[in-house]
Every structure is written in C-alpha cells, then in structure tokens.
Number of protein chains: 2
Amino acid sequence: MLVYRPSIGLKGSTFIMASIKDVASLAGVHRSTVSRIINGEGQFRSDTKRKVEQAMAELNYRPSAIARSLATASSNMTGLLVTYYTGGFFGAMMDQVQAELDLHNKFLITAQGHHSAEGEREAIRRFHALRCEGYVLNSRHLSDNELRELAQEPTPFVLLDRTVEGLESRCITFDHTQAGVMAVNHLLGQGHKKIACISGPLNRTNSRQRFQGYVNALAEAGIAFDPSLCAEGNYGRESGYVAAQQIYQAHPEITALFSCSEEMTGGALQFFHENKVAVPQQVSLISFDSIDLCASFYPTVSAVHFPISDMARLAVEVLISQIKHEEIELNRQFEPQLRIRNGDCCLSLGEG
Amino acid sequence: MLVYRPSIGLKGSTFIMASIKDVASLAGVHRSTVSRIINGEGQFRSDTKRKVEQAMAELNYRPSAIARSLATASSNMTGLLVTYYTGGFFGAMMDQVQAELDLHNKFLITAQGHHSAEGEREAIRRFHALRCEGYVLNSRHLSDNELRELAQEPTPFVLLDRTVEGLESRCITFDHTQAGVMAVNHLLGQGHKKIACISGPLNRTNSRQRFQGYVNALAEAGIAFDPSLCAEGNYGRESGYVAAQQIYQAHPEITALFSCSEEMTGGALQFFHENKVAVPQQVSLISFDSIDLCASFYPTVSAVHFPISDMARLAVEVLISQIKHEEIELNRQFEPQLRIRNGDCCLSLGEG
DNA sequence: GTGAAAGCGCTAACAG
DNA sequence: CTGTTAGCGCTTTCAC
C-alpha cells in the first residue's frame, strides 16, 4: 500500500514511499517508538511491537538509508576506484569487495578513473560527496604526494596494489619485480637463453617493475640484456599481437617469451598460431595472470599469479578496521606464485 | 582545513567535514545564500560570491549528496542488478550504464542476484532502501508475476534482456530464438547437415530460446532433430569442454557445432585442440557472443552477437525517461547480427 | 516502555 | 540580492 500525499512544493501530486511517520500514526505510536523497534533497541510491550510491525507490513515500509545516514552521520557506503569496468579484472576485484562489504552491511559505490589523474580525482570527489566512510583505491595516476595529502583528510582509504612511502599501513602490495624474476627464472630453469619480453606500458610503476624482474633475472643468470628482444605493449590483447610480431620477425631464434599480462599473452598466441610457430615446442611462454585467462588459452600457459581478488578482499578488511579505528595486524604483502599449466614446455633445452 | 567539533552525542571527538553552515558563517552570509551559489540559482553580488567561494575552498567544502537527497526528495541514485560481477559480461553492461548515468550526473548502485530469486529480491530491497530513483534489472529469477507486482510500486525500473507481458514499455529485448536460427542457418548455408548444439541451462528462458532457434532452423531445413547431438551446459567454460567431449565421443561424424555461449565455445575449442580435431576443417563452429571473446580464440570463431552493451545503454535511457515522466519513443527491440570471423570455414561441403 | 524535542546538512518557499 | 523559516526521514538524548 502506498501513501498518497497532496503535493507540498511539488508540481502535481505523487505517490511516495511510506515514512516512519506514516507507520507511527497508523500504529498509533510515536515515531521514536517505531525507530526503536526497527533497530531492536530497548524493550517494548508485545502488542506495541505487533501493531508497529503490522503497520510496516501494510505500508510496505522501508527505512530510508539516506535519512538514517544523515541522522547517524554515517553513510554506510564504501567507495571503490578502478581504472575500467570492462575486461574481467575489475569484476574479480569488485566481487570480493562486495562480498566483504556484504558481511558488514555496507553499500558499495564504484567509480572509474579512466586512465587519468583527473578521472581518479573526480571519483574521489564522488566518494566524498556521498560521504563514503572509506574507500579502496586501485589508483594508477595519482602521485605519491597527492595520495599523502589525501591521507591528511579524515576519510580513511586503502591503496590496492600500490606502495607509497609514509602510507605503509594503507598499502596492499604485491612484489611485481619478484614476480617477474620468478617468471623468467622458470624459463631459465628449463634451459632457455634467448628469452624475449613483452612488457606493459613502461610509464606505469608496476609494469616497470615486472620488466625489471626480467632484467634482473637475466643478469643473475649471466645473460646479456638485449633490448631488441623486448617490446612494450599496453596490456591489451592487440598490443600483445603486435609486440610478438615485432620481436619474432627480428628474432625468429627466440625460444621463450615472457608476457607481462594475460591479455597480451592471448594476442601473442594468436600471432604464433597464425604464423605456424609451435607453442611451446618452438617458443615457450610464461605470463602474468590474475583472472586465470591463461588457463583458457590453447595451449594453456603457465603464469605468475597476481592475486588481485585476495588483495581486494584484504583491502576491504583493512579499510573497515581503519573505519572502526581498530588497528589490526595483518600482512599486507602478497607473494607471487607460479601456476604451472600443462601447456608448459617441460623439456630441458640443454645448451641449445 | 577541517572543522573541529566538540562531540555532541558521539564518543570522543571527531573531525568532520565542513558543512554549509561552516561555510556560511566563515563567509558571513546565510546558509541559503551559500546553497544558491552552489546551485547557481539567481544572482548575487560579486563580492558575496567571492567570499563564499573562498570560504568553500578554505574549508575544502563538499556538499553532502545525502543531505541534498533528503531535502530534495531525490537521491540521484540508480540501481543495476546483475547476476554476477565476475566474467567480463557484467563489466560491459556496467560500463555503458555508468557512462549514460554520468551524462545525467547520477550515482550508480550495483548489486548481484547470485542466481536466486531471493538474491534478486534482496538487491531490489537495497535499491529501495537507498531510495534509488529507478533501477535496471537483468533479472533471471524473478517470475513474470512478481515483476508485474513490482511494477505497481512507484519506483520505475527497466528490464534488461527480458520480455514480460504487460510490461512491454519497460522491456529491452533481444530475440534469442531468431539469433539461434541465424547461427544455425549460417552453418546450413555452408552445407553442414550434422550439426551439434551445446545449449545453456534449459531452465532459463533465454537459453531455451537459443536452443529453440537451433531446433527451428533444422526443422526448416528438413533435417531431423537428434537429441544425442545436443548437450546442456551452464554457460561456463568447463561445461563447454565436457559437452563437446560428450557429443564428439558419441558422434565423431559431426561437421559443425553451435555453442550457445562464448565461454562454452572456449571450452569446446580446448577439447577439440586436445583431441586433434581440426577447427574449422573438421568441425565448424558458430557461437553466441557478447563481449567478443570469440574474436580472441584460436581460431577466431564466428558468432551471433548479443549486444548487451548497447542494450544496457538503452535501458538507462529508457529508465531516465521514465524517471522524468517523458515517454520517449524508442525501439526497445534488438536484432541479432552475425559476426563472421576468419576462423570460419567458408568452404561449401556439398552433399558430404 | 514510550513520548517530546532537537538536530543531521541541505533546499525551497516567502519575505523584504 | 539575501535572510527567515520550515521541513525532508530518521535517530537520540531526556523526561515521565
């Protein structure tokens, strides 16, 4: 049942959701009594309770989270900033974030940064406007300094997959360099010496680190770094295709390739397939992955796993502890793990 | 700069975001003047404006969307219900929904239905609690009747990819049956006669329709329907693998396969690769797709395109027109389109 | 156990 | 052009 209200200050007349007042007057009690019953605070005569519940049911009453927010000065909302919604990567993050928030009965507000600092700022403005109690940032374009400044403001936030000096307790981190090393070491362990690399955009810290892992691993193995064995992609599928093409045409003698994202790996695979380059017999692949796309390629591709889902989950835990001012002790550092798949070339190449 | 307030009713003391009152008193004007300036209503002496803007800047003032909602009785929020966040499909929808909402300066609230009617109801409750002005439902588990009842309530909503009698103006639809027919006709046109089908879960309307398209197309071509050429998957990758296996082992003589989802197609391809079944030379494939996964398989796979992104975009347009009570005339019906890819087997099989 | 009253931050008539 | 007043729907002291 709906409440009809002659419009006050509104053009025409409208049906509006029942308010606590409507419930109160229908039940013949005061608003505050209804409020207490809803929130289960204190005790009430059982018939009062019954009357109120009946009135709520009859009016199909739903407390307004907005009014409640205003009255309690807590919005119960949490923000999540990501770069883009598309692609599956974000969905994985969001899934975990929502699951954790559901446990705490909090609302989720999402926003996209669209690959620009201004986009990310805009998203944060939105969180502030909504008076989010806190937010999780998967920020790639705000400077360390800007983030440190932001940390001066009262709203808590957590940085997902980022390291900022001075904000350690807010950072959920992953060692991309070490992950790169592990990936390349896996290839080295198989005897590969001519190892190419498709990196992500080198203006991004994490991409640079992954690439650095490649460089470090080669150095440790005493293999000279050859820049012509490397190409820079943008993490997208197409760029992986182009990069593989560029590298392979210049160096058909490569026996292995390290690709810094699963999408680029897909592109590279396509290039190899189209050009009858046998994977992994002729060229072995290792990739980064986070949503296990590499398990669905043909052949399946081994990868160092970037556990964005787990990290997202933890980010929310940390954030909530900050909102509650309970400083919990949690390991905010995630370690890379190798996921060997059967498309891996397990033969040892010897000195070849 | 933050405002310090001795706590009133709160334990301890807290730093709180500046309110319109703080701005007003710092600028030496009344709250309502500040409000007008923020909203650009009417005109003001330039020095008043300057003082106020300066005060806002100094206090780092951000109007509270929540308080505003309460005062204007419009939350500016829009809900979006999907089944799951993971998998990329949802990201594509959300991307378009957000883009359209951004144009209208509205907030987006998302929720997952988790494959149950109760989950979907819970999501809608959340939208109501937040006083969303409207919401888009990609509902798969609420009955037509329940939706019709929901339509009695004052909050407008739009159904994405669903047809409910009596709610036509709220439905953004796609002809899954026709799409299925087109897919199979494409194979028939190539001369295939032994065509297998991996359907989605047959308890879902849309899956059933896609499958029906397969049945209809065969019937029209005068080819007898053989249930042992069909297997039911759950739209997931794994199920595609299993289904392909089941069908192929029983019927290695098939020359073509219609897969009702892109993920299942990926699974089927993996089975074929592992078992040295050449695609498309030995078995031609056609698939449904919506986020163009089929373009990234090897070989690429032709598909009937289910334009969920465009549909999502339109859903928001329709919703907003309903919120504004402007009944716009829009075609809410989307047509399937074939996307032929070069992995397609273009040879004619003749009578074989 | 329940009512009265004030207030959350903002907007919207109505004066002047 | 700007101040006054009331009110959005709810919670939260404080009385009784």
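The rules we used
- Residues numbered from 1 in each chain as written.
- Chains lettered and ligands numbered in written order.
- Predicted model: local features only at pLDDT ≥ 70, side-chain atom pairs only at ≥ 80, totals over all residues.
- Heavy atoms only, no water.
- Core = buried A, V, L, I, M, F, W, Y, C linked by side-chain atoms within 4.5 Å.
- Buried < 20%, exposed > 50% of the residue type's maximum accessible area, 1.4 Å probe, protein only.
- Contact = heavy atoms within 4.5 Å.
- Helix = DSSP H or I, 4+ residues; strand = E, 2+ residues; numbered from the N terminus.
- Pairing = 2+ DSSP bridges.
- Axes fitted to C-alpha atoms, helices over the stretch in contact; angles between N-to-C directions.
- Near = heavy atom within 4 Å.
- Polar contact = N/O pair within 3.5 Å; in protein donor to acceptor, adjacent residues only side chain to side chain.
- Nonpolar A, V, L, I, M, F, W, Y, C, P; charged D, E, K, R; others polar.
- Salt bridge = Lys/Arg side-chain N within 4 Å of Asp/Glu carboxyl O.
- pLDDT = per-residue confidence, 0-100.
- Disulfide = S-S within 2.5 Å.
- Expected span 1.5 Å × (residues − 1).
- Parallel < 35°, antiparallel > 145°, perpendicular 65-115°, else oblique.
- Left-handed = near helix turned anticlockwise from the far one by under 90°.
- Least-squares fit on C-alpha atoms with pLDDT ≥ 70 in both.

Student: Please provide a residue-by-residue account of the nonpolar core, values included.
Tutor: Formed by 144 residues in total, the largest nonpolar core has its most connected members in Tyr214(A), Phe258(A), Phe272(A), Tyr214(B), Phe258(B) and Phe272(B). Here Tyr214(B) is in contact with Gly180(B), Val184(B), Ile195(B), Ala196(B), Cys197(B), Phe225(B), Leu229(B), Cys230(B) and Phe258(B), once residues within four sequence places are set aside. One finds Leu159(A), Leu81(B), Ala117(B) and Ile124(B) within the second-largest nonpolar core, a separate group that totals 49 residues.

Student: Go over unusual backbone geometry, please, and point to the residues and values.
Tutor: A cis amide bond, omega -5 degrees, links Tyr298(A) with the succeeding residue Pro299(A). In this fold, Pro299(A) is placed in the loop between β11 (284–289) and β12 (302–305). Between Val279(B) and Pro280(B) the backbone carries a cis peptide bond, its omega angle lying at 10 degrees. Mapped onto the elements of the fold, Pro280(B) is located in the loop between α11 (262–274) and β11 (284–289). Even without a glycine there, the phi angle at Lys276(A) is positive, about 55 degrees. Its place among the elements puts Lys276(A) in the loop between α11 (262–274) and β11.

Student: I'd like a description of the sheet that holds strand β9 (residues 230–232) of chain A, backed by residues and values.
Tutor: Residue and element names in this part refer to chain A. An order of β9-β8-β10-β11-β12-β14 is seen for the six strands of this open sheet, with the pairing classed as mixed. Both outer strands of the open sheet, β9 and β14 (337–339), are each paired with one neighbouring strand and no more. Averaged over all pairs of adjacent strands, the angle between their axes in this sheet comes to 20 degrees, without regard to strand direction. Where β12 lies against β14, three bridges are found, and the strand directions are antiparallel. From the neighbouring strand, Val-304 faces β14, where its bridge partner is Leu-338.

Student: Describe in detail the protein's contact with DNA strand D, supporting the description with residues and values.
Tutor: Around DNA strand D sit 31 residues, and of these Ile20(A), Arg31(A), His30(B), Arg36(B) and Thr48(B) come closest. Each atom of DNA strand D within 4 Å of the protein was classed as base or backbone; sugar and phosphate made up 63%. Ser64(A) is positioned such that a nitrogen or oxygen atom in its backbone is 2.9 Å from a phosphate oxygen of DNA strand D. Separating a base nitrogen of DNA strand D from a side-chain N or O atom of Arg31(B) is a distance of 3.3 Å. Those elements that place two or more of their residues in the surface near DNA strand D are α1 (20–27), α2 (31–39) and α4 (65–72) of chain A together with α2 (31–39) and α4 (65–72) of chain B. For the surface near DNA strand D, a count of residues per class yields 10 nonpolar, 12 polar and nine charged.

Student: Which residues make up the pattern of salt bridges, and what values go with them?
Tutor: Pairs can form between side chains of opposite charge whenever their charged atoms are close. Residue and element names in this part refer to chain A. In the structure shown here, the tally under the stated rule is 26 salt bridges over all chains. Two residues, Arg-125 and Glu-118, come together in a salt bridge whose shortest N-O distance is 2.9 Å. Each of Glu-118, Arg-121, Glu-122, Arg-125 and Glu-146 takes part in one network of salt bridges that share partners.

Student: Let's hear about the confidence of the model for chain A: which residues, and what values?
Tutor: Mean pLDDT over chain A: 91, with 93% of residues reaching 70 or higher. This model gives residues 346–352 of chain A a pLDDT under 50, and the stretch forms eight contacts once residues within four places in sequence are excluded.

Student: So what's going on with the state of the cysteines? Which residues, and what values?
Tutor: Residues and elements named next belong to chain A. Evaluated as defined, the whole model comprises zero disulfides over all chains. Here Cys-294 stays free of any disulfide, with the sulfur of Cys-260 as its closest cysteine sulfur at 12 Å. On the basis of relative accessibility, which here comes to 0%, the residue Cys-294 falls in the buried class.

Student: Tell me about helix α8 (residues 176–189) of chain B, residues and numbers included.
Tutor: Residues and elements named next belong to chain B. Look at α8: 20 Å from first C-alpha to last across 14 residues, which is about the 20 Å you get at 1.5 Å a residue. Of all 14 residues that make up α8, 10 are buried, and the element is covered over most of its length. For α8, the full list of buried residues reads His-176, Thr-177, Ala-179, Gly-180, Val-181, Ala-183, Val-184, His-186, Leu-187 and Leu-188. Capping of α8 at its N-terminal end is provided by Asp-175; its side-chain oxygen lies 3.2 Å from the backbone amide nitrogen of Thr-177. Looking one or two residues beyond α8, the residue adopting positive phi is Gly-191, at roughly 100 degrees.

Student: An account of the packing of α8(B) against helix α9 (residues 205–220) of chain B is requested, with residue identities and associated values reported.
Tutor: Pairs of packed helices are described in terms of their axes, by the angle between the two and the distance that separates them. All names here are of chain B. Close contact between α8 and α9 brings their axes to 7 Å; oriented N to C, the two are set at 40 degrees. The angle between the axes of α8 and α9 places the two elements in the oblique class. For α8 against α9, the interelement crossing comes out right-handed. Touching His-176, Thr-177, Gly-180, Val-181, Val-184, Asn-185 and Leu-188 of α8 are Asn-206, Gln-209, Arg-210, Gln-212, Gly-213, Tyr-214, Asn-216, Ala-217 and Leu-218, all from α9. Residues belonging to the contact of α8 with α9 are distributed by class as follows: six nonpolar, nine polar and one charged.

Student: So what's going on with the relation of the copies chain A and chain B? Which residues, and what values?
Tutor: For the match of chain A to chain B, the screw axis carries a shift of 0.0 Å, the RMSD comes to 0.1 Å, and the turn is 180 degrees. Interpreted geometrically, this transformation is the action of a two-fold axis. For chain A, the residue whose C-alpha comes nearest the rotation axis is Gly88(A), separated from it by 2.1 Å. A share of 100% of the interface residues of chain A reappears at the interface of chain B, consistent with the copies meeting face to face through the same patch.

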